[in-house]
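# Coordinates in review
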Amino acid sequence: MEINTKKIIDEIKKINNEYHFFNHIVDKKDSSKIKFLVSVKDCICTKEIPTTSGSRILDGYTPRFDATCVKRIKKAGGRIIGKTAMDVFGFGSFCVNVGLDKKIPLNPFDKKRCCGGSSGGAAGFTQKFSELTKEFSVGHIALGESTGGSIACPASFCGVAGLTPTYGRVSRYGQIDYASSMDKIGVIAKTVKECAEMLEIIAGADNKDATCVDKKKNFVKALKDVSKKNLKGMKIGLIKEGFGKGVDPEVEKVVKEAVKKLNLDVEEVSLPLTTKYGVSVYYLLAMTEASTNLAKLCGLRYGQESSVEGVSFNDYFTKIRSKHFNKEAKRRIIIGTFARMAGFRDAYYIKAAKVRTLIIEEYKKLFKRYDILISPSMPITAPTFTEIEKLTPLQNYMMDILTAGPNLAGLPHLTIPCKKFSTKGLPIGMLLIGDHFNEKAILQVGDYYEGLKDE
Amino acid sequence: MKLDKKQLQKIAANARLELSNKEIDEFLPQLQEVLDLFSVLDRINTDKVKPSFQPIQIEDVMREDKIKDCLTKEEVFFSVKNKQDSFFKGPKAV
């Protein structure tokens, strides 16, 4: 298809001046055949396109290779349009912890509100560009990444679909790691079908990633002729703890109405361990892994550098890291370093890993009986920046209460916007969680809900 | 676990971070709050439980022991300032 990329890029720049969805826009002439446009979260390496994971410490780093998922997208006819804004290294639920000197993306429904994080730019731009798809005759899909909810949260706050696949479904080769046992590259798109199409392209074994598993795909095939008749017999568990205390009453009401609209076999289920310990386990393990992963960012080989003359070995690394990591990165590195120090490792890191086993077992027990589990994606709608400023770091972390569990258990989950909005006109997301490698079930129910008539 | 200023500075030094006095004053109560959250894990018995360092079963990926192409020197040293004679140059260790 011949596409006027100059006109599209000009429009993207115009949007970006207003909303700051991108850290970098690829502004070059294209002669190749383009089938669809793709924005890539800034933690995923793109050949000859600056990649910083949102952090100033990686300013100046331009990868000489594509991540495996990017390579597959290009082979399928995707044109990379830019690198989307994010919380630095994935450290955030509101996309306000952007790196030093970087701009915070604004919610497409209300510029005084956040996009959600950490894939905020991806979700915000997906919503905004969906208004222009007809004009340009080409679609856009975003690559996001989730460690503790960084696809579900912004997709929910920006009113788009967000698919986090099973851990190991998509190669992490070329992704700048946050927490290696929890990072998952996924998709943010306007529709569930587009999520399935993109997952079909990027999923699959990769000998460059030892944690990538070879499993059957056919996500697109699974969505052919989705109807109530085909979903008959599917059992849904409605997570009790996803409603009530700590959840905005409007969110609760809208999600429960959406579940009722599905008109499928629904029963209430409970995840007491996950609810009580999920956030603690997630943050302990994630921060510990992150503190190790970020040790390589030290002012050598890539990103920020300064003069190595006349400075001691430790001082060089200490000065450059202290100057270019933002506060949230420093906090998480410190907690993670503490949790794996001699004398504390067993009580914190190993303990958390053991409770993780119990959380996974709690989910697996439910999946013996239920095909999917449902809860709201986030306990609130997108907050204003003023509201976010008043939160302590701990209050920020507690926002992951509904997404921490499926993420640390490596379960696939899909957020879809409910057909009703809040009274303030803000989108509300419903989260569908499947068993390991059962993306088919959540995609089918999500696609089915999308196809139901609006009230 | 009660965190004090001296411990915080020691942990930061281990992580190759230097905190200003302002950052120390700001971080101490914030980090204490987070550590207090983690203490909830003390209440759960995990005596007979094995730790999960991965959420799914992972198997090693093997390949033939044959030389393959990798990044060229030009690609490796692209935009690197601290370099000398095909080596990365770092601060003096000794």
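Residues numbered from 1 in each chain as written. Chains lettered and ligands numbered in written order. Predicted model: local features only at pLDDT ≥ 70, side-chain atom pairs only at ≥ 80, totals over all residues.

## Examining the overall build of chain A
Helices and strands together make up the secondary structure of chain A, namely 17 helices and 11 strands. The C-alpha radius of gyration of chain A comes to 21 Å, within 12% of the 23 Å expected for a compact globule of 455 residues. In terms of its C-alpha atoms, chain A occupies a principal-axis envelope of roughly 75 × 60 × 45 Å. Looking at chain A as a whole, 60% of its 455 residues qualify as buried. Taking the contacts inside chain A whose residues are at least 6 apart along the sequence as the reference set, 77% of them involve residues at least 24 apart. (Helix = DSSP H or I, 4+ residues; strand = E, 2+ residues; numbered from the N terminus. Rg over C-alpha atoms; globule rule 2.2 N^0.38 Å. Buried ≥ 20, exposed ≤ 12 C-beta atoms within 10 Å, placed from the backbone. Contact = placed C-beta atoms within 7 Å.)

## Brief notes about helix α17 (residues 439-451) of chain A
All names here are of chain A. The end-to-end C-alpha distance of α17 is 18 Å, a good match for the 18 Å that 13 residues give at a rise of 1.5 Å each. In terms of residue burial, α17 counts as a mostly covered element, since 10 of its 13 residues are buried. Residues of α17 that are buried: Glu 439, Ala 441, Ile 442, Leu 443, Gln 444, Val 445, Gly 446, Asp 447, Tyr 448 and Tyr 449. (Expected span 1.5 Å × (residues − 1).)

## Things to note about unusual backbone geometry
Residues apart from glycine generally show negative phi values, whereas peptide bonds are mostly found in trans. The omega torsion across Gly 117 of chain A and Ser 118 of chain A is 10°, close enough to zero to call that bond cis. Looking at the secondary structure, you find Ser 118 of chain A in the loop between β3 (78-84) and α3 (120-130). Positive phi outside glycine occurs at Asp 101 of chain A, with the angle close to 75°. Relative to the helices and strands, Asp 101 of chain A resides in the loop between β3 and α3. Owing to 10 C-beta atoms within 10 Å, Asp 101 of chain A belongs among the exposed residues under this scheme. Positive phi, close to 55°, is recorded for Arg 16 of chain B, a residue that is not glycine. Structurally, Arg 16 of chain B can be placed in the loop between α1 (5-14) and α2 (21-38). According to the C-beta neighbour criterion, Arg 16 of chain B is buried, with 22 such atoms within 10 Å.

## Notes on the domain arrangement of chain A
Residues and elements named next belong to chain A. Splitting chain A by domain gives domain 1 (5-222) and domain 2 (228-451). The C-alpha centroid of domain 2 is placed 18 Å from the C-alpha centroid of domain 1. The partner domain 2 presents 53 residues to the 56 residues of domain 1 that form the contact. Residue assignment for the side of domain 1 that touches domain 2 shows that the elements contributing at least two residues are α5 (152-158), β5 (161-164), α6 (192-202) and α7 (219-222). Counting residues per element, the side of domain 1 that touches domain 2 draws most heavily on α5, which supplies 6 residues. (Domains from an automatic or database assignment.)

## With respect to the interface of chain B and chain A
Of the residues lining the interface, 43 residues belong to chain B; the matching set on chain A comes to 53 residues. At the level of elements, α1 and α2 of chain B are the ones that each hand at least two residues to the side of chain B that touches chain A. Broken down by element, the side of chain B that touches chain A gets its largest block of residues, 7 residues, from α2 of chain B.

## Here's the deal with the nonpolar core
With 149 residues, the main nonpolar core has Leu 284 and Ile 372 of chain A as its most contacted residues. In terms of residue count, helix α10 (residues 272-293) of chain A provides more of this core than any other element does, 10 residues in total. When residues are assigned to domains, this core turns out to be shared by domain 1 (5-222) and domain 2 (228-451) of chain A, each giving three or more. Leaving out residues up to four positions away in the same chain, Leu 284 of chain A has contacts with Ala 339, Tyr 348, Tyr 349 and Ala 352 of chain A together with Phe 38 of chain B. (Core = buried A, V, L, I, M, F, W, Y, C linked by C-beta atoms within 7 Å.)

## Describing the pairing of strand β6 (residues 184-189) of chain A
All names here are of chain A. Burial of β6 is extensive: 6 of the 6 residues sit out of reach of the surface. Two elements, strand β4 (residues 140-146) and β6, share 5 bridges in a ladder whose sense is antiparallel. Of the residues in β6, the one forming a bridge with Leu 143 is Val 187. Pairing of β5 with β6 involves 3 bridges; the strand directions are antiparallel. Residue pairing in the sheet places Ala 161 in a bridge with Ala 189 of β6. (Pairing = 2+ DSSP bridges.)

## Quick notes on the sheet that holds strand β11 (residues 429-434) of chain A
All names here are of chain A. The strand order across the open sheet built from 11 strands is β1-β3-β2-β4-β6-β5-β10-β11-β9-β7-β8, with neighbouring strands paired in mixed fashion. Edge positions in the open sheet fall to β1 (22-25) and β8 (265-269), since each of these has one partner strand only. Going from strand to strand, the sheet's axes swing by 25° on average, the running direction of each strand aside. Across 6 bridges, the pairing between strand β2 (residues 36-41) and β3 is parallel. The residue of β3 that forms the bridge with Ser 39 is Gly 82. Those strands touched by helix α1 (residues 5-19) are β1 and β3, and its axis lies near 155° from that of β1. Sheet strands in contact with helix α2 (residues 68-75) are β2, β3, β4 and β6, and its direction is about 140° off that of β3. (Axes fitted to C-alpha atoms, helices over the stretch in contact; angles between N-to-C directions.)

## Remarks on the environment of Glu 33 of chain B
For Glu 33 of chain B, the location among the structural elements is in helix α2. A count of 14 C-beta atoms within 10 Å places Glu 33 of chain B in the partly exposed class.

## Remarks on the pairing of β4 of chain A
Residue and element names in this part refer to chain A. The buried count for β4 comes to 7 of 7 residues, which makes it a mostly enclosed element. Sheet topology note: the β2/β4 ladder contains 4 bridges and is parallel. Each residue of the ladder has a partner; that of Val 38, found in β4, is Ile 141.

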